Amino acid sequence: MTKITAAITAVGKYLPDYVLSNAILESMVDTTDEWILTRTGIKERRILKGEGKGSSFMAIEAAKDLFAKSKVNPLEIDLVIVATATPDMQAASTAALTATEIGATNAFSFDLISACSSFLYGMSTAAKFIESGRYQKVLLIGSDKNSSMIDYTDRATCIIFGDGAGAVLFEPNKEGYGIQDEELKTDGIGREFLQVPAGGSILPPSLETVQNKKHFVFQDGKTVFKYAVSKMAEVSDIILERNHLDKDKINWLAAHQANKRIIDATASRIGLPVEKVMMNIEMYGNTTSATLPLLLVDYEKQLKKGDKIIFAAFGGGFSWGAIYLTWAYNS
Ligand code: UT7
């Protein structure tokens, strides 16, 4: 029997209209355009404005963009996974509302939450459903309204994060295109270095948690930076070696867009020239679960059937990993 692989067959995106530029941030906190650009590579990020709009709003729009481009019928979707670190609500899943609103009424759905690795883990999860042979169309959406958990008086974090969403469709492939290999990791040692301290079961919301700003992202940037560079390169190396790949055989690196310096360092550790490194951090900042699908949408026209792509991500938890995928279509 021919082996079924899970291939990406369509992509879509949504970015809010409001642009938060470095110049605007200069008027909000003690920072400069030059510092932000040289330390992170970010020029601007998008922010979702409007009451009552959460991550589902952007997830729905990204899925609609995918449907419009691919002509996929939502009724044929078997499963909707929303990868997010900022779900609409604590209990009701973001994916359930998203699936219903996009007309995927024959699908079941769930949220996948693992900080900046949510989408990468979602790719692995989606692939398992497809590879089982039971499911034909799995829609994976990465959507994060990071602005909902950012303190816009804290210059260490407010310059980094942005809002956005990206969607990809996985379908079975019998020619061998799609996900080839993965190396996924976690280490709970990382929890203290990157977290939103309150709002969960350890420290439920209270007047005190709000007054003490415990519902905002806290990050020990230097430590996270160090781990991110070494761990993303480590897992990418494992994938390269196991699949007999070298820098000449790889076409693209699609790395989580957290900091241009982290991406550059990871690429240089595996010997990839800049032309092979997907990059859009300058326009969107770190959109957490949306960085990888946004890269695919922005680079879709340059991707060719058979291109070998290494995905890599690192985030809170700590959680990280790399996935090797071959691209399945010419657009
Ligand atoms: O996506 C999830 C994973 N997250 C990441 O991968 C993020 C990893 N970390 C980073 O990207 C970087 O650590 C940051 C961009 C967060 C910070 O860059 P850094 O080069 O590590 O700066 P730093 O925190 O070591 O700060 C260096 C200096 C400090 O001043 P002193 O103590 O040297 O006088 C900071 O106070 O820069 C100062 N600083 C700023 N200055 C201007 C920190 N933030 C700013 C700012 N503008 N926005």
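Okay, so let's go over this structure. (Residues numbered from 1 in each chain as written. Predicted model: local features only at pLDDT ≥ 70, side-chain atom pairs only at ≥ 80, totals over all residues. Heavy atoms only, no water.)

1. Topic: the site of the ligand
Phase 1: Thr31, Arg39, Lys222, Asn259 and Asn286 are the nearest of the 22 residues found near the ligand.
Phase 2: Measuring from an oxygen atom of the ligand, one finds a side-chain N or O atom of Trp35 at 3.4 Å.
Phase 3: Separating a nitrogen atom of the ligand from a side-chain N or O atom of Gln219 is a distance of 3.0 Å.
Phase 4: Alone, the ligand offers 950 Å² of accessible surface; in the complex the protein occludes 73% of this.
Phase 5: With four residues, helix α8 (residues 221-242) is the single largest residue contributor to the shell around the ligand.
Phase 6: Of the residues assigned to the shell around the ligand, the class counts are 10 nonpolar, seven polar and five charged.
Phase 7: Residue-level mapping places the shell around the ligand at the junction of two domains, with at least three residues from each of domain 1 (5-176) and domain 2 (179-326). (Near = heavy atom within 4 Å. Polar contact = N/O pair within 3.5 Å; in protein donor to acceptor, adjacent residues only side chain to side chain. Areas by Shrake-Rupley, 256 points an atom, 1.4 Å probe, with all protein chains shown as cover. Helix = DSSP H or I, 4+ residues; strand = E, 2+ residues; numbered from the N terminus. Nonpolar A, V, L, I, M, F, W, Y, C, P; charged D, E, K, R; others polar. Domains from an automatic or database assignment.)

2. Here's the deal with the packing of α8 against helix α9 (residues 260-269)
Phase 1: Orientation of α8 relative to α9, taken along the N-to-C sense of each, is 30°, at an axis distance of 9 Å. Two packed elements cross with a definite hand, and for α8 against α9 that hand is right-handed. Residue-level contacts link Phe225, Ala228, Val229, Ser230, Met232, Ala233 and Glu234 of α8 to Arg261, Ile262, Ala265, Thr266 and Arg269 of α9.
Phase 2: Tallied by class, residues from the contact of α8 with α9 come to seven nonpolar, two polar and three charged. (Axes fitted to C-alpha atoms, helices over the stretch in contact; angles between N-to-C directions. Left-handed = near helix turned anticlockwise from the far one by under 90°. Contact = heavy atoms within 4.5 Å.)

3. Thoughts on the sheet that holds strand β12 (residues 308-315)
Phase 1: The strand order across the open sheet built from four strands is β8-β13-β12-β11, with neighbouring strands paired in mixed fashion. Looking along the sheet, the strands with just one partner apiece sit at the ends: β8 (178-186) and β11 (252-255). Averaged over all pairs of adjacent strands, the angle between strand axes in this sheet comes to 15°, irrespective of strand direction.
Phase 2: As paired elements, β8 and strand β13 (residues 319-326) share eight bridges and run antiparallel to each other. Considered in β13, the bridge of Ile179 is made with Leu325.
Phase 3: Packed onto the sheet, α8 meets β8, β12 and β13 and runs at close to 150° relative to β12. (Pairing = 2+ DSSP bridges.)

4. Examining the side chain of Thr31
Phase 1: Within the secondary structure, Thr31 sits in the loop between α1 (22-28) and α2 (33-40).
Phase 2: Non-local contacts of Thr31, meaning those with residues more than four positions away in its chain, are made with Leu25, Glu26, Ile36 and Ile159.

5. Overview of helix α5 (residues 118-131)
Phase 1: For α5, built from 14 residues, the straight-helix expectation of 20 Å at 1.5 Å per residue is met to within 8% by its first-to-last C-alpha distance of 20 Å.
Phase 2: α5 sits mainly inside the fold: 10 of its 14 residues count as buried.
Phase 3: Looking one or two residues beyond α5, the residue adopting positive phi is Gly133, at roughly 90°. (Expected span 1.5 Å × (residues − 1). Buried < 20%, exposed > 50% of the residue type's maximum accessible area, 1.4 Å probe, protein only.)

6. Quick look at the nonpolar core
Phase 1: By size, the foremost hydrophobic cluster in this structure holds 78 residues, and its most contacted members are Met123, Phe170, Met278, Leu296, Ile309, Phe311 and Trp327.
Phase 2: Each of domain 1 (5-176) and domain 2 (179-326) accounts for three or more of the residues forming this core.
Phase 3: Those residues in contact with Phe311 that lie beyond four places of it in its chain are Leu120, Met123, Ala254, Leu292, Leu296, Gly321, Ala322, Ile323 and Leu325.
Phase 4: Counting 24 residues, the second-largest nonpolar core is a separate cluster that includes Ala10, Ile77, Val80 and Leu139. (Core = buried A, V, L, I, M, F, W, Y, C linked by side-chain atoms within 4.5 Å.)

7. Thoughts on the packing of aromatic side chains
Phase 1: Taken as a whole and judged by the stated rule, the model has 12 aromatic pairs.
Phase 2: For the pair Phe108 and Tyr135, a centre-to-centre distance of 6.0 Å together with 50° between the ring planes defines the contact as tilted. With Phe108 in strand β5 (residues 108-112) and Tyr135 in the loop between α5 and β6 (138-145), the pair connects residues that are 27 residues apart, well separated along the chain.
Phase 3: For Phe108, a relative accessible area of 35% puts it in the partly exposed group.
Phase 4: Ring geometry for Tyr227 versus Phe318: centroids 4.8 Å apart, planes at 45°, classification tilted. (Phe/Tyr/Trp six-rings, centres within 6.5 Å; stacked < 30°, edge-to-face > 60°.)

8. With respect to the pairing of strand β7 (residues 163-173)
Where a strand is regular, its side chains alternate between the two sheet faces.
Phase 1: Among the 11 residues in β7, 10 count as buried, and that is most of the element.
Phase 2: Examined bridge by bridge, strand β1 (residues 5-14) and β7 share nine bridges and lie antiparallel to one another. The residue bridging Tyr14 from the neighbouring strand is Ala165, located in β7.

9. Quick look at the pattern of salt bridges
Phase 1: All chains considered together, the criterion is met by 14 salt bridges.
Phase 2: When the shortest N-O distance is used, the salt bridge between Lys64 and Glu61 registers 3.8 Å. Placement of the pair is Lys64 and Glu61 together in helix α3 (residues 55-70), with a separation of three residues, close to one helical turn.
Phase 3: By sharing partners, the salt bridges in this structure join Asp181, Glu183, Lys185 and Arg242 into a single network. (Salt bridge = Lys/Arg side-chain N within 4 Å of Asp/Glu carboxyl O.)

10. Regarding the sheet that holds β7
Phase 1: Sheet architecture is open: five strands sit in the order β1-β7-β6-β4-β5, paired in mixed fashion. Edge strands, defined here as strands with exactly one partner in the open sheet, are β1 and β5. The mean inter-strand angle of the sheet, taken between neighbouring strand axes irrespective of direction, is 20°.
Phase 2: Of the strand pairs in this sheet, strand β4 (residues 79-83) and β5 are connected by five bridges, and their pairing is parallel. Following the sheet pairing, Val80 is matched in β5 by Ser109.

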